[in-house]
Amino acid sequence: MPQLGETVAEGKITKWFKAAGDAVRPGDNLFEIETDKTSMEVPSTTSGTLTEIRFNVGEVAKVGAVVAVISGAGAAAAPAAANLSPKAPAAPARAVPPVAVHSTPMPRPAAPMDPFHAVRTPERNYGPAKLASGTTVTPLARRLAGERGIDLTRISGSGPHGRIVAADVERAVPGAAPPAIATAAQVKALYEGVAYEEVPLDSMRRTIATRLVEAKQTIPHFYLTADLDAGRLIAMREEANAAAPEDKSGQPSFKLSLNDFIIKAWAAALQRIPAANAVWAGDRVLRFRSSDIGIAVALDGGLITPVIRNADSKSVTTISTEMRDLADRARQKKLKPSEYQGGSSAISNLGMYGIREFSAIINPPHASILAVGAAQRRPVEAADGSVKFESQMAVTLSCDHRVVDGALGAQLLAAFRELIESPVRMLV
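Notes on the structure in this doc start here.

Cut-offs and rules
Residues numbered from 1 in each chain as written. Predicted model: local features only at pLDDT ≥ 70, side-chain atom pairs only at ≥ 80, totals over all residues. Heavy atoms only, no water. Helix = DSSP H or I, 4+ residues; strand = E, 2+ residues; numbered from the N terminus. Buried < 20%, exposed > 50% of the residue type's maximum accessible area, 1.4 Å probe, protein only. Contact = heavy atoms within 4.5 Å. Areas by Shrake-Rupley, 256 points an atom, 1.4 Å probe, with all protein chains shown as cover. Pairing = 2+ DSSP bridges. Axes fitted to C-alpha atoms, helices over the stretch in contact; angles between N-to-C directions. Parallel < 35°, antiparallel > 145°, perpendicular 65-115°, else oblique. Left-handed = near helix turned anticlockwise from the far one by under 90°. Nonpolar A, V, L, I, M, F, W, Y, C, P; charged D, E, K, R; others polar. Phe/Tyr/Trp six-rings, centres within 6.5 Å; stacked < 30°, edge-to-face > 60°.

1. Structural notes on the overall build of the chain
The secondary structure content of the chain amounts to ten helices and 18 strands. Scored against the burial criterion, the 428 residues of the chain give a buried share of 46%. For the chain, restricting intrachain contacts to residue pairs at least 6 apart in sequence, the fraction spanning at least 24 positions comes to 62%. When the accessible surface of the chain is totalled, it reaches about 21,200 Å², and 55% of it is carbon and sulfur.

2. Examining the pairing of strand β17 (residues 368-381)
Direction of pairing for strand β16 (residues 345-349) relative to β17: parallel, over a ladder of four bridges. From the neighbouring strand, A346 faces β17, where its bridge partner is I369. Both β17 and strand β18 (residues 387-400) contribute to a ladder of twelve bridges, which runs antiparallel. Each residue of the ladder has a partner; that of S368, found in β18, is C399.

3. Observations concerning the packing of helix α7 (residues 258-272) against helix α10 (residues 406-421)
In a packed pair of helices, the relevant descriptors are the angle between the two axes and the axis-to-axis distance. At their nearest, the axes of α7 and α10 sit 9 Å apart, and the two run at 135° to each other. Looking at the two axes, α7 sits oblique to α10. Like other packed secondary-structure pairs, α7 and α10 cross with a definite hand, here right-handed. Counting all contacts with α7, which are made through I262, A265, W266, A268, A269, L270 and R272, the residues of α10 involved are L412, A415, F416, E418, L419 and I420. In terms of residue class, the contact of α7 with α10 is built from eleven nonpolar, no polar and two charged.

4. Regarding the sheet that holds β18
In space, the six strands of this open sheet follow the order β9-β18-β17-β16-β12-β15, with mixed pairing throughout. Taken across any chain shown, the strands that pair with only one partner, and hence form the sheet edges, are β9 (221-229) and β15 (307-308). Across two bridges, the pairing between strand β12 (residues 293-295) and β15 is antiparallel. In the sheet register, G294 faces β15, and the bridge partner there is V307.

5. Quick word on the sheet that holds strand β1 (residues 10-16)
With respect to topology, four strands assemble into an open sheet ordered β4-β3-β1-β6, the strand pairing being antiparallel. Two strands in the sheet have a free side with no partner beyond their single neighbour: β4 (39-43) and β6 (60-62). The mean inter-strand angle of the sheet, taken between neighbouring strand axes irrespective of direction, is 40°. Looking at chain direction, strand β3 (residues 29-34) and β4 are connected through five bridges and run antiparallel.

6. With respect to the packing of aromatic side chains
Evaluation of the coordinates by the stated rule reveals two aromatic pairs. Taken together, a centroid distance of 5.1 Å and an interplanar angle of 50° make the contact between W16 and F31 tilted. Residue W16 is found in strand β1, and its partner F31 is found in strand β3; the two are separated by 15 residues along the sequence. For F31, a relative accessible area of 2% translates into the label buried. Ring plane angle 85° and centroid distance 5.4 Å describe the contact between W266 and F416, whose orientation is recorded as edge-to-face. Within this pair, whereas W266 is found in helix α7, its partner F416 is found in helix α10, the two being separated by 150 residues in sequence. You'll find W266 and F416 in the same group, each marked buried.

The structure is reproduced here in structure tokens:
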């Protein structure tokens, strides 16, 4: 099972393109997998005969697990390998004969090299992908070790070919035994005699649960909230949409949302306060020149955060077009890992649902996320004591105190306020 991003721990087999006994060549699609983020075909990187299938359609395999075996010329009885470049299916889907799932892989000679290159995190973030001893380390294990100060050279790997995996790091942390968590059976026992529907967790919901618990337990969050006057921004949006030229069908060539302007303003604010345009990298902070902004997109059963690259240098119309395309493909689970990984900060906007104010959980390794509420007409007392109505928008900035302290976070939010309340500034 290949590694499709540093936080992906497992994948579900959704289709086999080859059956046991079929000949395969490099580039032939073997199977299709679905992770919490995307769906992708996995091609072979070797030639030979597919002699064994260990995971059937619908079964979930951990990253690094042997899902099939290719034997014969050029294969050396090596596990099926994965080239992570998406390809169109090379052969029609075929039924897979029932194959028993082995709880422990049968002993077989180790491949001379790791064919699916599970580690893809930049070395400057969490150290080398391969230790001096030759032992490889998965991305999640590297990140956990970096955050917790664990010496990887003192850990014995339990993964394929002796690879160090996250579980090995967890076991190496003194006194880090997880708190007792009620099992499904214990919870269901509390509701004996009560009618309910049991909904199994899919890979996306399991990953979200793990990541959010990790984020809240390991990131020292603090929050800053401000009410912004969005009246001029709303007026600018209406004027821009009214001036949109018509396309060949007579329809407006674009329709900008408030969120498009918010993305642009947040990117510009990070440029004004460059110390906040950064992420936490274990033993150091990475500061970026461009503002790559992740935008939370709701999906059935979860969410994903596609990234608008170089948002600070793009027009609002370009941001709008890119955001619409990314959101559409996110809902179809067609995003590439490069389209939802990375970024220097993120935005979560629940204003369209009428939510006035909320706080968001930081998505590591980010050091900040902006939670945007609805723009609503509210009474405001003027300096002369009179009362007027403004279109106010509540925003809450969640900060990682290891990177963004209180004063820096306040400066960032003040820069964002200025751009929202004087929106022409973000365009010049």
